[in-house]
Amino acid sequence: MSSVTGVLLCAGSSTRMGFDKLQKPVAGRCAIERSANALIEGGVTEIVFAVSALSRSFCETLSLPVPKKIVEGGAERRDSVRNAIGVSAGDIIVIHDAARCMVSPSIVRESIRSAEEFGSGIAAVSVSDTVFLSDEGTLTRLPREKLIRMQTPQTFRRYEILQAYSMTGSETADATDDCTMYALAGFTPHFIEGSEDNFKLTSPADFTRAEKFFTRYGTGFDTHRLVEGRKLILGGIDIPFEKGLLGHSDADVVTHAIMDALLGASGLPDIGHLFPDTDPAFKDADSMVLLSKVVETMARKGLHPAGVSAEIICQRPKLAPHLEAMKKRYSDILGIRCDDIALSATTTEGMNDEGKGLCISAQAVASVR
Ligand code: MG
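Residues numbered from 1 in each chain as written. Predicted model: local features only at pLDDT ≥ 70, side-chain atom pairs only at ≥ 80, totals over all residues. Heavy atoms only, no water.

K.L.:
Mind showing me how you'd approach the coordination of the magnesium ion here?
P.N.:
Reference values for coordination geometry: four tetrahedral donors around a metal ideally subtend 109.5 degrees, six octahedral donors ideally subtend 90 or 180 degrees. Here the magnesium ion is held by D222 (OD), H224 (NE2) and H256 (ND1), and the distances to it run 2.0 to 2.3 Å. Between consecutive donors of the magnesium ion, the numbers of intervening residues give the motif D-x1-H-x31-H. This pair shows no difference in class: D222 is buried, exactly as H224 is. (Donors = N, O, S within 2.8 Å, 3.2 Å for Na, K, Ca; no water. Buried < 20%, exposed > 50% of the residue type's maximum accessible area, 1.4 Å probe, protein only.)

Below you can see the structure in the form of structure tokens.
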């Protein structure tokens, strides 16, 4: 096994977007952290961050399971790479733009394998659109079957890429990536299959696309006993019935299942942890208030509900007339459209504890990004 240095380029100016795109959370984690994790999962054994004044402190405090080094980025991409490979220790160097935070560990792994075997492994994709060269009003159709688009990671044997970057002549002035430098130095690049998902965060629309890419799912389930002398509250709605659900809080079983689904999707501890039933603060608590606390807790991680689906398992009373009102309440608290909330109710045809009227249960699925 080779030792592998990941060079993560975090020095790009973000002025085009009006904020530091590399530190803005994408479904809870910023591009720098996501890219670093993908490199490590892909087999990198140390990371060199090429930073700007904007990204330095984040990179310095980011905790990683592998050693890291920080170098100053340069005015041009190639200056940043030159600084970073100068302090690298690996036999193989994986150079990656932090803005390509959708990169999969398998692409990183394949680029390392390719560099071990062929000297380089450059992620690239073919072109499926028709492409024209537009030059002062003259259009020339390019043969798309011969076109390839470069991505990162671009991975090389250390001594070869050091040699390539030792060139500083005018011929390197237009080099916008490592593959160009490598080819200019006389080496033959070896390509590996990149991915359309491995795009670069450049415009605000890219963030919307990335958020969708990182959507996560969680499930939740809950049951409460039906007893006399309690109100029946489901989905935040007071439902007329001769019995209600027993519990420390208002025992809103649907909301509890939804909270657990949201927390699970967010990688957060479940409601038993968050709102223990031994804590008097939650005695008779309104579960919709607890749900809004869950949404706040998620927001602190940069995560937001994207969709919720829940099914209530209940023999009696009939819940269909109340589902729309429940949806409206969830929509207000979760900050998502009623269309993104699915609620249904089912009986168990008289079977099981729900069917015998001993309890009401609910199961939920939530998506989060
Ligand atoms: Mg419960």
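K.L.:
Looking at this structure, how should I read the pattern of salt bridges?
P.N.:
Two side chains of opposite charge can pair, provided their charged atoms sit close to one another. Applying the stated criterion across every chain yields a total of 20 salt bridges. When the shortest N-O distance is used, the salt bridge between E46 and K69 registers 3.1 Å. In this pair, E46 sits in strand β4 (residues 46-51) while K69 sits in strand β5 (residues 68-72), placing the two residues 23 residues apart along the sequence. A relative accessible area of 9% places E46 in the buried class. The exposure class of K69 is partly exposed, given its relative accessible area of 28%. R113 is the salt-bridge partner of E110, the closest N and O atoms lying 3.0 Å from each other. (Salt bridge = Lys/Arg side-chain N within 4 Å of Asp/Glu carboxyl O. Helix = DSSP H or I, 4+ residues; strand = E, 2+ residues; numbered from the N terminus.)

K.L.:
Got a minute to help me understand unusual backbone geometry in this structure?
P.N.:
Across residues other than glycine, the phi torsion is negative in most instances, and most of the peptide bonds are trans. Residue P153 is bonded to the preceding T152 through a cis peptide linkage, with omega at 10°. Within the fold, P153 resides in strand β10 (residues 148-157). Look at D284: it is not a glycine, yet its phi comes out positive at around 55°. The residue D284 is located in the loop between α9 (271-274) and α10 (287-300) in this model. Looking at D284, the relative accessible area reads 47%, which means it is partly exposed. Notably, E349 is not glycine yet its phi reads approximately 55°, a positive angle. The topology assignment puts E349 in the loop between β17 (341-346) and α12 (352-355). Take E349: its relative accessible area is 69%, and that puts it in the exposed class.

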